[in-house]
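One letter stands for each residue in the lines below.
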2 protein chains.
Amino acid sequence: MRVTIYDVAKKAGVGIGTVSRVINKSPQISPKTRKKVLGIIKELNYQPYVMAQGLARKKTNTVACIVPFFTGYFYFELLNGVQQALSKHNYDLILYSVDLFDKKEDIFERTLQERRVDGVLLFSMTISDDYADKFVNKKMPIALVDGYHKSLDSITIENKKGAYLAAEHLIKMGHSKLGLINGNLGSIPARIRLKGFNDALAANDITPDEQHIFNVSSIDDPQILSNDGFNKLAGYYGMSKLLDLGENRPTGVFISSDIQAAGAMKVVNERGLKIPEDIAIVSFDGIELSEYLGLSTMKQPMFEMGALAVEHLIKKIEKRSNNGVFKKLFHPELVIRDTCGAKLQMEKILD
Amino acid sequence: MRVTIYDVAKKAGVGIGTVSRVINKSPQISPKTRKKVLGIIKELNYQPYVMAQGLARKKTNTVACIVPFFTGYFYFELLNGVQQALSKHNYDLILYSVDLFDKKEDIFERTLQERRVDGVLLFSMTISDDYADKFVNKKMPIALVDGYHKSLDSITIENKKGAYLAAEHLIKMGHSKLGLINGNLGSIPARIRLKGFNDALAANDITPDEQHIFNVSSIDDPQILSNDGFNKLAGYYGMSKLLDLGENRPTGVFISSDIQAAGAMKVVNERGLKIPEDIAIVSFDGIELSEYLGLSTMKQPMFEMGALAVEHLIKKIEKRSNNGVFKKLFHPELVIRDTCGAKLQMEKILD
DNA sequence: CAAAAATATGGAAGGGCTTCCATAAAAGAG
DNA sequence: CTCTTTTATGGAAGCCCTTCCATATTTTTG
């Protein structure tokens, strides 16, 4: 039979309320009693039963993370930050992976109703006004990471500035025929990155060439469209299109995610072209993969974003935060590796 | 106020027991009543409250996954299989990441006592006899994935055979100076892979050269030692040592994990050597990264391993399984990409 | 030293569900 | 149409906690 609070109370010769107060570190317990009860707890190896605590407190000490799992590594690093922050606060993490669109709403519905969790972390996904309202009305704390909704807390990255800096860097490297491989323009990051890209061109008096701008929206292959086009295949396909232009192809390409860049690099290699000599690349995200590939990329501080999201969410859960909508914007940082050509240029200068 | 089973019962004009039975798909409910109650449930948008269910049923419908998180991608793919299998059975996944050793035992203790979960999946970790007994005694189902304990269910990979095949492949490619970069020999996979490697050499009348065998155990840099040496840095360091041998270096190297291979490839490139021309590599694991790097590797069917682990665990949880200890051995499969030199050789032949 | 205030403790009620036992309704048998 | 069996339903008790209210104990104050 399980050891309950009653067993502890009886053995310690106190009431169950007292035991409960000891467990919950209530200040209004005499040191003597506390010590006695703590002794018995250890002796019986008692541990409170979370389900019962949850029922009584109406609190689960658990947070849901909804992650578009299939996409890969980006979330892994975020998750790491999240996990560490949560365990510091003694919260558990329930992981929901979403692949299909309707599954997302399913999970929203469940988290709102079942009350299995005290709060929700939503990664890289959109949320309809409808559900946003539901979360607000039901007072279920939610934070979007790498996603945006006007009435919800969100932690995002300066996408526009990132794209701007990436393009600017390529321009500084001497490229004037600039390409862009983007995700689905239906997604906000894709739209904003396009804007940043265009701004950089404009600021440098470069007229964008429509041919050099690829976005996944024109395609209807579901594999290419998955995850809003932020996938390997889309990168492969996009780069093929650019290379098909022959001499007209761009010489420097900004690719809106590392994962797309991985695919893009593959085609470039397959066609016998050299990176960065023939085509220079700067991408976006800064996942670990970029390091292995030698990708020059705009790095997002993912670990920090995950950790901050947790800190903030817990504040809301524990009502230690005002009720305003919290928005935090992180800045991406240009990490120069091999694909942008900066190192190569530097070597030449030094020679 | 929350919608409870009482609200539904009242509105439907039935008793709470009836509502409960409808929810739990009890057969002994007349179709008429079922329909009526189901209607009200939808109308009130009622959903049972998991904490209360958990308390009453003494069941949580949740499984804990204990993962050595920091290491990386290997677990990501396993997790994917796990997650999908779990959600099919309507179980939730609580993720515990372990970095420090004592944290592991902490989590064991908690899962055993708090009863927050119905079962545990332990990835790539050892478990002491002591804790193994505790799990058995407390009847808490647990399955080890990529780990072994005699009295617990486990799902593992044929490490010896995998290493054997990898080495054999290199030998077939014409290499006779074979190197090995291994993890910490304190870990079982590292020991077994060493054995497989040696067996392959013996079977082909090659005397192993001590100099060509690197294992992390001789080092005391904590970074290199982390995760039993299955990390990038260890690979980098190990390969440096082999390359330091100059003309004496091995021409073909079996590296016991993809992640180490990534580090190893980096040094090889830095030193201006070519893969596979100067050094051929076959590694182990088959994580997604290996694809990007063009690594020839022994692929573990990770998704399947994760999924099977779940299926099995749930059977145990739901008592649908006999009580024997379940052991399943998966077979790794050689995936030929660029680093082993097989493709290159093939091209030469075709020319 | 008594009265008032502050502090510590006991335990009933309540949280939302499942389940068992008792009872009511329906079906079958004679 | 009545009696027995089967099937369907109602609701109390129990799962293990927290919390509030009532009471007991200690400390402070005049």
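Every value quoted in this text rests on a predicted model; they were computed, and no experiment measured them. (Residues numbered from 1 in each chain as written. Chains lettered and ligands numbered in written order. Predicted model: local features only at pLDDT ≥ 70, side-chain atom pairs only at ≥ 80, totals over all residues. Heavy atoms only, no water.)

K.L.:
In this structure, what is going on with empty space enclosed by the protein? I would like to understand it.
P.N.:
Over the atoms a probe the size of a water molecule is rolled, and this reveals where empty space is left. With the rule as written, the count across this model stands at two cavities of 30 Å³ or more. Considering only enclosed or pocket space, the largest cavity measures out at about 90 Å³ in volume. Along its surface, the largest cavity is lined by Val50, Met51, Thr60, Thr62, Ile94 and Arg116 of chain A together with Val50, Met51, Thr60, Thr62, Ile94 and Arg116 of chain B. Elements with a contribution of two residues or more to the lining of the largest cavity: helix H4 (50-57) of chain A together with helix H4 (50-57) of chain B. (1 Å grid on protein atoms, 1.4 Å probe; cavity = no way out; pocket = protein on both sides within 12 Å on 5 of 7 lines; lining within 4 Å. Points joined across faces, edges and corners; volume = space filled by probe spheres on them. Helix = DSSP H or I, 4+ residues; strand = E, 2+ residues; numbered from the N terminus.)

K.L.:
What is the right way to read the protein's contact with DNA strand D from this model?
P.N.:
Inspection of the region around DNA strand D gives 31 residues, with Ser20 and Tyr46 of chain A together with Gly15, Thr18 and Thr33 of chain B positioned closest. A share of 63% is what sugar and phosphate atoms reach among the atoms of DNA strand D within 4 Å of the protein. Within the contact set of DNA strand D, a phosphate oxygen lies 3.0 Å away from a side-chain nitrogen or oxygen of Asn24 of chain A. One of the side-chain N or O atoms of Arg57 of chain A is found 3.2 Å from a phosphate oxygen in DNA strand D. Every element with two or more residues in the surface near DNA strand D is listed here: helix H1 (5-12), helix H2 (16-23) and H4 of chain A together with helix H2 (16-23) and H4 of chain B. The class makeup of the residues in the surface near DNA strand D is 13 nonpolar, 13 polar and five charged. (Near = heavy atom within 4 Å. Polar contact = N/O pair within 3.5 Å; in protein donor to acceptor, adjacent residues only side chain to side chain. Nonpolar A, V, L, I, M, F, W, Y, C, P; charged D, E, K, R; others polar.)

K.L.:
Looking at this model, I keep getting lost on the pattern of salt bridges. Mind explaining?
P.N.:
Side-chain pairing between opposite charges can occur once the charged atoms of the two side chains come close. Residues and elements named next belong to chain B. For the coordinates displayed, the defined rule picks out 29 salt bridges over all chains. Where Glu168 meets Lys172, a salt bridge forms, and the shortest distance between an N and an O atom there is 3.9 Å. Residue Glu168 and its partner Lys172 are located together in helix H8 (residues 159-172), separated by four residues, close to a single helical turn. Given a relative accessible area of 21%, Glu168 falls into the partly exposed group. Take Lys172: its relative accessible area is 64%, and that puts it in the exposed class. (Salt bridge = Lys/Arg side-chain N within 4 Å of Asp/Glu carboxyl O. Buried < 20%, exposed > 50% of the residue type's maximum accessible area, 1.4 Å probe, protein only.)

K.L.:
Please clarify how the environment of Ala261 of chain B should be interpreted in this entry.
P.N.:
Residue and element names in this part refer to chain B. For Ala261, the location among the structural elements is in helix H12 (residues 258-270). Taking the C-alpha atoms as reference points, Ala261 and Ser87, 174 residues apart in sequence, are found 34 Å from one another. Apart from the residues within four sequence positions on either side, Ala261 is in contact with Ile255, Ser283 and Leu295. (Contact = heavy atoms within 4.5 Å.)

K.L.:
Quick question: what am I supposed to make of the sheet that holds strand E12 (residues 333-335) of chain B here?
P.N.:
All names here are of chain B. Taken together, six strands build an open sheet; the order of strands is E7-E6-E8-E9-E10-E12 and the sheet is mixed. Of all the strands in the sheet, the pair left with one neighbour each is strand E7 (213-215) and E12. For this sheet, the mean inter-axis angle between neighbouring strands, taken without regard to orientation, is 15 degrees. In terms of strand pairing, strand E6 (residues 178-182) meets E7 through three bridges, oriented parallel. (Pairing = 2+ DSSP bridges. Axes fitted to C-alpha atoms, helices over the stretch in contact; angles between N-to-C directions.)

K.L.:
Looking at this structure, how should I read helix H14 (residues 302-317) of chain B?
P.N.:
For an α-helix, 3.6 residues make a turn, and residues three or four places apart therefore share a direction. If you check H14 of chain B, its first and last C-alpha atoms are 22 Å apart, about what 16 residues at 1.5 Å a residue would give, namely 22 Å. Among the residues of H14 of chain B, those classed as buried are Met302, Met305, Gly306, Ala307, Ala309, Val310, His312, Leu313, Ile314, Lys316 and Ile317 of chain B. (Expected span 1.5 Å × (residues − 1).)

K.L.:
Looking at this model, I keep getting lost on the interface of chain A and chain B. Mind explaining?
P.N.:
Often, the extent of an interface is quoted as the loss of accessible area upon association of its parts. The partner chain B presents 51 residues to the 50 residues of chain A that form the contact. When chain A packs against chain B, close to 4,900 Å² is buried across both sides, 55% of that on carbon and sulfur atoms. Our count for the contact surface shared by chain A and chain B stands at seven salt bridges. Arg116 of chain A serves as the salt-bridge partner of Asp92 of chain B, at 2.8 Å between the closest nitrogen and oxygen. Counting the contacts that link chain A with chain B gives 18 residue pairs in polar contact (both at pLDDT 80 or more). Those elements that provide at least two residues to the side of chain A that touches chain B are H4, helix H5 (73-88), strand E2 (92-97), helix H6 (101-114), helix H12 (258-270) and helix H13 (288-293) of chain A. When residues of the side of chain A that touches chain B are assigned to their parent elements, the largest contribution, eight residues, is made by H5 of chain A. Broken down by class, the residue content of the side of chain A that touches chain B amounts to 21 nonpolar, 14 polar and 15 charged. (Buried area = accessible area lost by both parts, 1.4 Å probe.)

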